There are 2 protein chains.
Amino acid sequence: MKDFHYIEIANRIEAMINNDTYPLGEKLPSLRAVSEHFKVSVGTSLKAYSLLIDKGLLASREKSGYVPLRKSTGHTEQPVATSAAPAIREVNVSRIISKMPVDAGPHPPGFISFFNASLETHMIPFNAVRRSLQKASRDLTGTHLQYESTMGNLLLREQIARLSFYWNGSLSANDILVTNGTLEALSLSLRAVTSPGDAVVVESPCYYGILQCLEQLKLKVIELPCDPEDGINIRQLEEIVDTYDIAACLFISNFNNPNGVILSDEKKKWIAELAWKRQLPVIEDDVYGELYFGPVRPTTIKTYDKHGWVMLCASFSKTVASGFRIGWCAPGRFIEKVAQLKATTNVATASVLQLSLADLLTSGTYQRHLRKLRPLVHKQVLLTTQYIEQYFPSGVRISQPEGGMVLWVELPKQVDALKLQKLALEHHINIAPGPLFSSTGGYRNYIRISCNKHWNRQVEQAVRKLGNLVRSLC
Amino acid sequence: MKDFHYIEIANRIEAMINNDTYPLGEKLPSLRAVSEHFKVSVGTSLKAYSLLIDKGLLASREKSGYVPLRKSTGHTEQPVATSAAPAIREVNVSRIISKMPVDAGPHPPGFISFFNASLETHMIPFNAVRRSLQKASRDLTGTHLQYESTMGNLLLREQIARLSFYWNGSLSANDILVTNGTLEALSLSLRAVTSPGDAVVVESPCYYGILQCLEQLKLKVIELPCDPEDGINIRQLEEIVDTYDIAACLFISNFNNPNGVILSDEKKKWIAELAWKRQLPVIEDDVYGELYFGPVRPTTIKTYDKHGWVMLCASFSKTVASGFRIGWCAPGRFIEKVAQLKATTNVATASVLQLSLADLLTSGTYQRHLRKLRPLVHKQVLLTTQYIEQYFPSGVRISQPEGGMVLWVELPKQVDALKLQKLALEHHINIAPGPLFSSTGGYRNYIRISCNKHWNRQVEQAVRKLGNLVRSLC
C-alpha cells in the first residue's frame, strides 16, 4: 500500500461525482467501503476524502458520512457586488412588485414558482405539527382564549431563550417578545427607533420584503454594497454612519437574502461595538440562522451585544411552518417601546399556535426536524446550482451560500431580468428579478432562485426552460 | 274583568322588580301564568307588560319571554357630554396608561378588574371552540402550514360576508381582508389613508386603544363631543370638516366605547354621504355591533356606503374569543392599499385559527352562541348598573347602553378618577379612569366599568368597595 493511492482514489470519486454516479447531497460510500473496495487502509481513504473536502467538493456530515457538494467541472463564479455609490434614496419597490404575481399562498398545479423563499410542504414536519396542534387544543383552557400577554406566551419565550445557547447568546424569556412572524418583528423594531423620513442602512442586494416594509413606513435607505464572499465593508459602514444622519441599520447577518453571504464573527462583533459607540440601533434579521449547512450554528450580531443596541428578529417560518406566523424579537434596550407598539397594533399574538410551537420545542421535535431539514435544504441548493450550471449559458455567476435557501444568479449583462420574468410567467414559471432587491435601479441582470422544491423531472425541466429563455435574451 | 286591572297588575310586577323578587335580566312569569294568577285574560296581561315596556322597565325577548331591564326606583341619569371645544390636539394617552396595570392577560385570583372590556371565560363558547380547533387540526393539510393569502382564508371571508346581511349590507368575500383583531384592522386602515402629523376626527369620549393607536402612528385628533343619548352632532362634524384639514374620521357607530351610544340610521346615512361628498375616508369600528340587546342587529355606516369611502373594521374578540386575534376589515376603495400594508407588516394571518372560526360560523354555532351571549351580557350590564346605583353616592350618572359591555359613569365633580383607581388597586380592584378616554385632559371624574364578570358575591363586594372609595373622595 503506497501513499499515492489516495490521489487516485480521490480522482475516481471526483469523476463519479462529475458524472452523477453519486449525485450532489447524496451519501458517498463509507470510509470502510472505500478501503475494502480499493484494498487500502482506512487512513488512506480518509486522506482521499480529506483532499476532496479541501477542494470544496465534499462535506463530512454527522450520520450521513461524506456528501458531494459540487462537481469539479462546474464553472461557477460568484456574482459581483453592486458598484452604485451609497446614498440616501427613496424606496420604490412597490411600484415594481405590484405588477407581479407574488402572493405567497399556494400555486395552481403545473406552476413552478422559484419566487418565494418559503417552506414547501415536503419541508414542513407536518405530522409533528398536527400532533402538537391537537395537543394544544386538547390542553386548552379558557385562559388561552382570552388575550395572551403582549410579550407572548411564557412557555414559548422560555424555549426561544434556550435556543440562544446555540449562537453563544444568553437571552432570557423576559428579553423576548413574540410577534406575527419576522416581518412584524422587523416592522415593530423599525417603528420603535425611526420616524418617517429617516434613513436606514441596509445591505445591497437587500430582501425586497425589507425594502417594502421600509417604503410603507415612509423610511429612506442607504444601500451598502455587500460582497457575496465577504459581506459588507465595515470601514465603508463607519464612513456612512459618520457622513449621514442614520436612524438605524438593518442587516441579515447570516445567509443574506438574496446573496447568501454570512458576516464573519469579527464583523458581527465590530458592528455590535459600533452600535454601542454611536448609540445606533442595529436591527438584525436572523431568519435563516438555523438553516446552516456547516457543522455549527453561526453566531449573531446580538451575540456580541453588551449594551442592548442590537434588536434581533427571527421566526419559525423558515424552519417549522410559515403559516404559523410566529416570530420573535429580542429588542434589547428598546423592549418597552416595541411592546407598546405591539399592544397598540394588534394587542398580542394568538395563544394557540404559540402553545403548539412551545410543545414542538420542548419535546425536542424541533431540533430533530432541523437535523433532517438542513441537509435537505443543502441538497436542494446544490441540485439547483448544478442544473443552473448545466442549463444556463456560460458566464452565469451563482452564489455559493453556506445556509438559507436562495441562490443569487448574475446573468449575462444584456439579459433584462424583468423581461425574463415576463417570458417565464408565460411558461408558468416564476422567478424573483434583481431590480426588486434594490432602490438603485441596479441588478437589472440578476435573479433570485428559491431552492425549496422537492426535486423532480418537472422542476428540472423548469430550470432548463429558464436557461433557454436566458439564452433567447442574450 | 275590567280594564283597570292591567295597571294594578303592572304595579305589582313593578314592585316585584324593585324588590328583587324578579332580578334584572331574569325571566318574568309568562303571559299565561300572569293570566292564571290574576284571573284575567291574556290580553290584559299583555297590556300590563306593554305598559312596563313603555316605561322602559321590561323587554320582550325571544324564548326568554319578558325580562326586567331596570328598577323604577333607580335614580340614574346619563353622564353629560364633554364641553371642551373641538380642536386639533396631540394625543398623549400613553403617558397616563404606561403607569397602569393594564395587561389584558389573566389576572391573579382575588383581583377584580373592571378595566378590560374583554370576554371572560364564562362568556366564551369554550367547548365549541375546542371542537372547532380539533376539527381544524384534524382536517389540516400542508397548504395550511404555508403562507395564507394576505386577504385571509376564503372560507372565513365568505362567512364574514354573509354576516353583512344582518346589518343590511352586501359584502362579498373579495371586499374583506382578515386581520389580527380589530385593532390591526383599524391600524392598517389608518395607515392606508393618513400620514404622520395628520388629524383624525374621533368621538369624545374615545376608546383609549384607539387614542393610543393614533398616538403611535404619530397622528393628531379632533375630539367631537358625543352625547350619551344622541351621539355626535352632525352639523358640528360638518363644520369641523369644513374648518380643518382632516385626513379621516374614526367612529364607533354602535355602542360607543365607553359611553355606549348608538348612532341613528339617519346619522349613519348622513356620515356615509358626507364621506363621499368630501372624499373623506371614514373608518368605522363595529366591534360591538353583534352585542345588541334589542330585537334587531343595528346597521352600520357601511350599510349606507355606496362609493367605498367607509372602511368597516370588526372582529370576533367580543363574540367568540379575544385570544383568537381574528378580525377583519372591509376597506372599500382602499382595499389594495390595506392589503399592501398587511403584506409588508406581517404577510398574512395564520390559517389554523381562521379555519376554526370558519367552522364555527358555517355550522351555525356562532349564531347559536350569540343568542345566548347577548342576554347574558345584557344581564351583566343591568346588574352592574343596579349595584352601582345601590352602592355609589347619589348624583352619580350612568350610561344606559343598548349593547356592548361597558358602562360610562360620571362621578361627583370632586372625585379624581385617577386617584380612585390608585385606591382601588390597593384593594385589588381595577377600573378604567376617564382621562384615558380623551386627549383634552377632561373626564377627570368619569370611570368606565366593564360588565364582563360572572356575577357573584365577590364582584358585588368589589362594586360596594368602589362605592365606598368614591364616597371617601367626595
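Definitions and limits used
Residues numbered from 1 in each chain as written. Chains lettered and ligands numbered in written order. Predicted model: local features only at pLDDT ≥ 70, side-chain atom pairs only at ≥ 80, totals over all residues. Heavy atoms only, no water. UniProt positions renumbered as here; feature names shortened; annotations may be inferred. 1 Å grid on protein atoms, 1.4 Å probe; cavity = no way out; pocket = protein on both sides within 12 Å on 5 of 7 lines; lining within 4 Å. Points joined across faces, edges and corners; volume = space filled by probe spheres on them. Helix = DSSP H or I, 4+ residues; strand = E, 2+ residues; numbered from the N terminus. Nonpolar A, V, L, I, M, F, W, Y, C, P; charged D, E, K, R; others polar. Axes fitted to C-alpha atoms, helices over the stretch in contact; angles between N-to-C directions. Parallel < 35°, antiparallel > 145°, perpendicular 65-115°, else oblique. Left-handed = near helix turned anticlockwise from the far one by under 90°. Contact = heavy atoms within 4.5 Å. Domains from an automatic or database assignment. Buried area = accessible area lost by both parts, 1.4 Å probe. Salt bridge = Lys/Arg side-chain N within 4 Å of Asp/Glu carboxyl O. Polar contact = N/O pair within 3.5 Å; in protein donor to acceptor, adjacent residues only side chain to side chain.

The name given to chain A in an unreviewed UniProt entry is HTH-type transcriptional regulator NorG, with the source organism recorded as Chitinophaga fulva. UniProt, in its Sequence similarities (unreviewed entry) section for chain A, records the words "In the C-terminal section; belongs to the class-I pyridoxal-phosphate-dependent aminotransferase family." Under the UniProt heading Cofactor (unreviewed entry), the entry covering chain A gives this text: "pyridoxal 5'-phosphate".

A. Summary view of empty space enclosed by the protein. According to the stated counting rule, one finds seven cavities of 30 Å³ or more in the structure shown. Roughly 120 Å³ of volume is contained in the largest cavity. In terms of lining residues, the largest cavity is bounded by 14 residues, among which Leu163(B), Glu290(B), Arg297(B), Ala314(B) and Trp328(B) are the most central. Contributions of two or more residues to the lining of the largest cavity are made by α6 (154–163) and β11 (310–315) of chain B. Residue contributions to the lining of the largest cavity peak at three residues, all from β11(B). Within the lining of the largest cavity, the residues separate by chemical class into nine nonpolar, two polar and three charged. When its volume is computed, the second largest cavity comes out at roughly 110 Å³. If you go around the second largest cavity, the residues you meet are Leu163(A), Trp167(A), Asp286(A), Val287(A), Glu290(A), Arg297(A), Ala314(A), Ser315(A), Phe316(A), Thr319(A), Trp328(A) and Tyr366(A).

B. Broad picture of the packing of helix α7 (residues 181–193) of chain B against helix α8 (residues 208–216) of chain B. All names here are of chain B. Viewed as axis vectors pointing N to C, α7 and α8 meet at an angle of 40°, and their least axial separation amounts to 11 Å. Relative to α8, α7 is oriented oblique. For the element pair α7 and α8, the recorded crossing hand is right-handed. Side by side, α7 and α8 meet where Leu 183, Leu 186, Ser 187 and Leu 190 of the first sit next to Gly 209, Ile 210, Cys 213 and Leu 214 of the second. The residue inventory of the contact of α7 with α8, partitioned by class, reads six nonpolar, two polar and no charged.

C. Molecular detail of the domain arrangement of chain A. Residue and element names in this part refer to chain A. Looking at chain A, the domain boundaries give domain 1 (5–68), domain 2 (93–123 + 370–473) and domain 3 (126–366). Between domain 1 and domain 2, the C-alpha centre-to-centre distance is 31 Å. Counting residues at the interface gives six residues for domain 1 and six residues for domain 2. Between domain 1 and domain 2 lies a buried interface of about 620 Å² when both sides are counted; carbon and sulfur atoms form 50% of it. In this assembly, domain 1 and domain 2 are joined by one salt bridge. Lys 379 is paired through a salt bridge with Glu 26; the nearest N and O atoms lie 2.6 Å apart. Across the contact surface, domain 1 and domain 2 share three residue pairs in polar contact (both at pLDDT 80 or more). Split into classes, the residues belonging to the side of domain 1 that touches domain 2 amount to two nonpolar, one polar and three charged.

D. Inspection of the interface of chain B and chain A at higher detail. At the junction of the two partners, chain B supplies 61 residues and chain A supplies 61 residues. Taken together, both faces of the contact between chain B and chain A bury some 5000 Å²; the carbon and sulfur share is 61%. At the surface where chain B touches chain A, the tally comes to zero salt bridges. Run the count over chain B and chain A and you get 22 residue pairs in polar contact (both at pLDDT 80 or more). Of all the elements in the fold, those that place two or more residues in the side of chain B that touches chain A are α5 (126–138), α7, α8, α11 (335–343) and α12 (351–362) of chain B.

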